[in-house]
Amino acid sequence: MANSNVVQLLPREKESIFEHVEPCTESVKISILLNELEAEFRQHISCDAEAAIAATLWIASTWVIDVTDFAPIACVVAPEKRCGKSTALDFFELTVKNPIKADNASAAAIFRVIEKYRPTILLDEIDTYLASNSELIGIFNGGNKPNGGTVRCDGKEHEPKIFKTFSAKAVAGIGTVPSTIGDRGIEIKLTRKLVGENLKRLDSRSKTWDYLKSRLARFEIQFCEMADDYKKMAGEMPLEFNS
């Protein structure tokens, strides 16, 4: 079994602004957890099955980003107003790991908050500002891999510094996302609520979120242990088996 240190993914000071999530005591069956998460998403958001599955898998991926080599951007898009895109981001905020949600942000704010906290970035209303912000698009484009970074002069002495930009990110807006972000993303296309379709109101005070997050936190531990075991096993294999 992997060393327990594998689950201490971030320094303590980087966790201080986020709510502590206590993992549930029992192990979780990943398929059951994902089914529960998908079912809850579909109770609040109007979308097809493919979009719900994509949202579910993306949420789960935010909990294990420190042992992955790629972080696809969740692109929540709607054809018009009142299709639930902001509700979808609110749902993400209640279920992803270490969320920071904003309706607008500068490139400098994004790369600095990623460097300090490695959060899950949730940006809403991108149709109002992202297309004209090439600097912010560049941060998103380069930040889907662990080696993503941007160089800025920093401090009183204006010393050059590399800021990491790798983190889980989601954007939401009306219409389409910039093509380069779409190339690195997973489209989660929403629809207008149908006549007769019953959706639950999103209640942030519900105990459901504590239940799901505790199970996701346990999933994180299990997944990271499996990843650590696999890395050890792969390192012991003949080189031709890793090709």
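All values derive from a computational prediction rather than experimental measurement.

**Focus: the pairing of strand β6 (residues 169-174)**
Then, number 1: Burial analysis of β6 places 5 of its 6 residues in the buried class, the great majority of the element.
Then, number 2: Note that strand β1 (residues 73-78) and β6 share 5 bridges and pair parallel. Paired with A78 across the strands is I174, a residue of β6.
Then, number 3: As paired strands, strand β3 (residues 120-123) and β6 are joined by 3 bridges and run parallel to one another. Its bridge partner being in β6, L122 is matched across the sheet by A170.

**Here we look at the pattern of salt bridges**
Then, number 1: Taken as a whole, this structure holds 13 salt bridges when the rule is applied.
Then, number 2: One salt bridge in this structure joins E125 and K85, with 3.4 Å as the shortest N-O distance. Of the two residues, E125 sits in the loop between β3 and α5 (134-142) while K85 sits in helix α3 (residues 85-95), which places them 40 residues apart along the sequence.
Then, number 3: Residue K85 is classed as buried on the basis of its relative accessible area, which comes to 9%.
Then, number 4: Here R205 ties to D203 by a salt bridge, and the two come within 3.2 Å at their closest N and O atoms.
Then, number 5: Through salt bridges that share partners, K85, D124 and E125 make up one connected network.

**A short note on the packing of helix α4 (residues 107-117) against α5**
Then, number 1: At a minimum axis distance of 8 Å, the contact between α4 and α5 shows a crossing angle of 25°. The orientation of α4 with respect to α5, classified from their angle, is roughly parallel. Counting all contacts with α4, which are made through A107, I110 and F111, the residues of α5 involved are E135, L136 and I139.
Then, number 2: Broken down by class, the residue content of the contact of α4 with α5 amounts to 5 nonpolar, no polar and 1 charged.

**Some remarks on the nonpolar core**
Then, number 1: Grouped together as the largest cluster of nonpolar side chains are 38 residues, with contacts concentrated most on F41, W58, I59, V76, F92 and I188.
Then, number 2: Among the secondary structure elements, those contributing two or more residues to this core are α1 (30-44), α2 (49-62), β1, α3, β6 and α7 (208-236).
Then, number 3: The greatest single-element share of this core, amounting to 7 residues, is contributed by α2.
Then, number 4: If we ignore the near neighbours within four places in the chain, the residues touching I59 are L37, F91, F92, T95, V96 and L216.
Then, number 5: Judged by nonpolar contacts, the second largest core, of 24 residues, contains I73, L123, F163 and I181.

Calculation notes
As a convention, each chain's residues are numbered from 1 in the sequence order in which they are written. Given that the model is predicted, a residue must reach a pLDDT of at least 70 before its local features are reported, and side-chain atom pairs must reach 80 or more before they are shown or counted; all residues, however, enter totals for whole chains, interfaces and linings. Based on all heavy atoms of the structure, the side-chain values leave hydrogens and waters out of the count. Burial classes: relative accessible area under 20% of the type maximum marks a residue as buried, over 50% as exposed, and values in between as partly exposed (1.4 Å probe, protein chains only). Going along the chain from the N terminus, every DSSP run of H or I of four or more residues is numbered as a helix, and every run of E of two or more is numbered as a strand. Strands are labelled as partners when DSSP assigns at least two bridges between them. Salt bridges are counted wherever a side-chain nitrogen of Lys or Arg sits within 4 Å of a carboxyl oxygen of Asp or Glu. Axes here refer to lines fitted to C-alpha atoms; in helices the fit is confined to the stretch in contact. Angles between the N-to-C directions go from 0 to 180 degrees. Orientation categories follow fixed angle ranges, with anything under 35 degrees roughly parallel, anything over 145 roughly antiparallel, 65 to 115 roughly perpendicular, and all other angles oblique. For this analysis, residues touch if any pair of their heavy atoms sits within 4.5 Å. The nonpolar class holds Ala, Val, Leu, Ile, Met, Phe, Trp, Tyr, Cys and Pro. Asp, Glu, Lys and Arg form the charged class, and all remaining residues, Gly among them, are polar. Here, the term nonpolar core denotes a set of buried Ala, Val, Leu, Ile, Met, Phe, Trp, Tyr and Cys residues that are joined through side-chain atoms within 4.5 Å.

By themselves these figures say nothing about function.
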